[in-house]
Amino acid sequence: MYFNRPHLFFDGVYISKATYMRQGEAGLDSFYRPWQFVEYYRYFRFFPDGSFFMMTSPMDPKSCVQLLKTKMAKNPDSSVVVGHYRLTGDRVSGLATKVNVTKVKQMKRGKQIQQSLVSEQLFYMEFVVEKTTKKRNYKLAWTNYEIRTKNPNNTEEVYNFPLNAIDFPPFFFSRVRSYAAVSTAPLD
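All chains use their own residue numbering, which begins from 1 and follows the written sequence. Two thresholds apply to this predicted model, a pLDDT of at least 70 for residue-level local features and 80 or more for giving and counting side-chain atom pairs, whereas whole-chain, interface and lining totals are computed over all residues. Where side-chain values are given, they derive from all heavy atoms of the structure, hydrogens and water being excluded.

Please clarify how the overall build of the protein chain should be interpreted in this entry.
Where helices and strands are cited, they refer to DSSP runs of H or I of at least four residues and of E of at least two residues respectively, numbered from the N terminus. Counting its regular elements, the protein chain contains 2 helices and 9 strands. Going from the N terminus to the C terminus, the protein chain shows its helices and strands as β-β-β-α-β-β-β-β-β-β-α. Burial classes: relative accessible area under 20% of the type maximum marks a residue as buried, over 50% as exposed, and values in between as partly exposed (1.4 Å probe, protein chains only). Considering the protein chain as a whole, with its 188 residues, one finds that 30% of them fall into the buried category. Expressed as a percentage of contacts within the protein chain between residues at least 6 apart in sequence, the contacts between residues at least 24 apart total 52%. Each accessible area is a Shrake-Rupley estimate made with a 1.4 Å probe; only the visible protein chains count as cover when residues are assessed. Just so you have it, the protein chain exposes about 13,100 Å², and 53% of that area is on carbon and sulfur atoms. Whether two residues touch is decided by their heavy atoms; if any such pair falls within 4.5 Å, the residues are in contact.

Next comes the structure, spelled out in structure tokens:
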């Protein structure tokens, strides 16, 4: 019964590879206009307790899967965003929060005062669990992606991304053997 229902895998990472072309800076002569081929990856690692890691990086999967191995943050300044998800039927909905702290120095009456400005970003994501040609539940396709930014001046900006297959390709599951070797609790 469990194998027939849509579910997520916890012994690996879901990977999406996105590419695009952009125009580079023109040279001294106007005859040469370089183009740059940009390639980056999005990673999702789900855990059984309802939490997940999300990361976007230009590095290849071999070097990034180690950053997502355990729940302990190896680098607090890393680009790994932590969130919580819920699986309802074949839909996965997730919410992640990222807090940005900017330090601003101001002069007031000849004294330098340092002030911290805090902005918070909320990432709302929705996926549908799909099957590939050979395996079931190995594909996550985007259905919704929205970012809400709460600025220090108490204003909120909402951006709902228009989803297409080029900018937001689906995620495919890739098993990582070292993830299955890590246990978070003793076995009963």
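What exactly am I supposed to notice about the packing of aromatic side chains here?
For any pair of aromatic rings, geometry is given as the distance between the ring centres together with the angle between the planes. Pairing of aromatic rings covers Phe, Tyr and the six-membered ring of Trp, with a centre-to-centre limit of 6.5 Å; geometry is then stacked below 30 degrees between planes, edge-to-face above 60, and tilted otherwise. One pass over the structure, following the stated rule, counts 23 aromatic pairs. Ring centres of Y138 and F173 lie 5.2 Å apart, and the angle between their planes is 80 degrees; this geometry places the pair in the edge-to-face category. Placement of Y138 in the loop between strand 6 (111–130) and strand 7 (139–150) and of F173 in strand 9 (residues 171–175) is noted, with a sequence separation of 35 residues between them. Ring centres of W142 and F171 lie 5.6 Å apart, and the angle between their planes is 45 degrees; this geometry places the pair in the tilted category. Placement of W142 in strand 7 and of F171 in strand 9 is noted, with a sequence separation of 29 residues between them. The pair W142 / F171 is uniform in exposure class, with both members buried.

When you look at the environment of K62 in this model, what are you seeing that I'm missing?
Structurally, the position occupied by K62 is in helix 1 (residues 61–64). By relative accessible area, which is 73% here, K62 ends up exposed. Once the C-alpha coordinates of K62 and V176 are considered, the two residues, 114 residues apart in sequence, prove to be 9.8 Å apart.

How should the side chain of S57 be read in this particular structure?
Its place among the elements puts S57 in strand 3 (residues 51–57). Using a relative accessible area of 6% as the deciding quantity, one classes S57 as buried. At 3.0 Å, the side chain of S57 and the backbone nitrogen of M59 are in polar contact. Once residues within four sequence positions are removed from consideration, S57 is found in contact with Y40, Y41, Y43 and C64. Any N or O atom pair separated by 3.5 Å or less is treated as a polar contact, with the protein-specific requirement of one donor-capable and one acceptor-capable atom, and with residues adjacent in sequence counted only for side-chain atom pairs.

Explain the nonpolar core here, please?
Where a protein is soluble and globular, its nonpolar side chains tend to be buried together. Working definition of a nonpolar core: buried Ala, Val, Leu, Ile, Met, Phe, Trp, Tyr and Cys residues. They are joined through side-chain atoms within 4.5 Å. Counting 22 residues, the largest nonpolar core has Y14, F44, F46, M125 and L140 as its most contacted members. Residue assignment for this core shows that the elements contributing at least two residues are strand 2 (35–46), strand 3, strand 4 (81–88), strand 5 (91–108), strand 6, strand 7 and strand 9. Not counting residues within four places of it along the chain, the set of residues in contact with M125 comprises F44, F52, M54, V92, S93, G94, A96, W142, N144 and Y145. One finds V13, Y41, C64 and V65 within the second-largest nonpolar core, a separate group that totals 12 residues.

Whenever I open this one, the side chain of E146 confuses me. Can you help?
You can see E146 is positioned in strand 7. In this structure the side chain of E146 is engaged in a polar contact, spanning 3.0 Å, whose partner is the side chain of R148.

Would you take a moment to explain unusual backbone geometry for this structure?
Despite not being glycine, N137 has its phi angle at roughly 65 degrees, a positive value. Mapped onto the elements, N137 comes out in the loop between strand 6 and strand 7. For N137, a relative accessible area of 5% translates into the label buried. A positive phi angle is found at N154, which is not glycine, with a value near 60 degrees. In this fold, N154 is placed in the loop between strand 7 and strand 8 (156–160). Among the residues examined, N154 registers a relative accessible area of 75% and is labelled exposed.

Looking at this structure, I do not really get a nonpolar patch on the surface. What am I missing?
Taken together, M21, W35 and F37 make up a surface patch of nonpolar side chains, about 400 Å² in accessible area. With respect to the element layout, F37 can be found in strand 2. The class of F37 is exposed, set by a relative accessible area of 54%. Patches were defined on residues exceeding 30% relative accessible area and lacking a salt bridge, with like-charge contacts within 9 Å and nonpolar side-chain contacts (Val, Leu, Ile, Met, Phe, Trp, Tyr) within 5 Å. We define a salt bridge as a side-chain nitrogen of Lys or Arg found within 4 Å of a carboxyl oxygen belonging to Asp or Glu.

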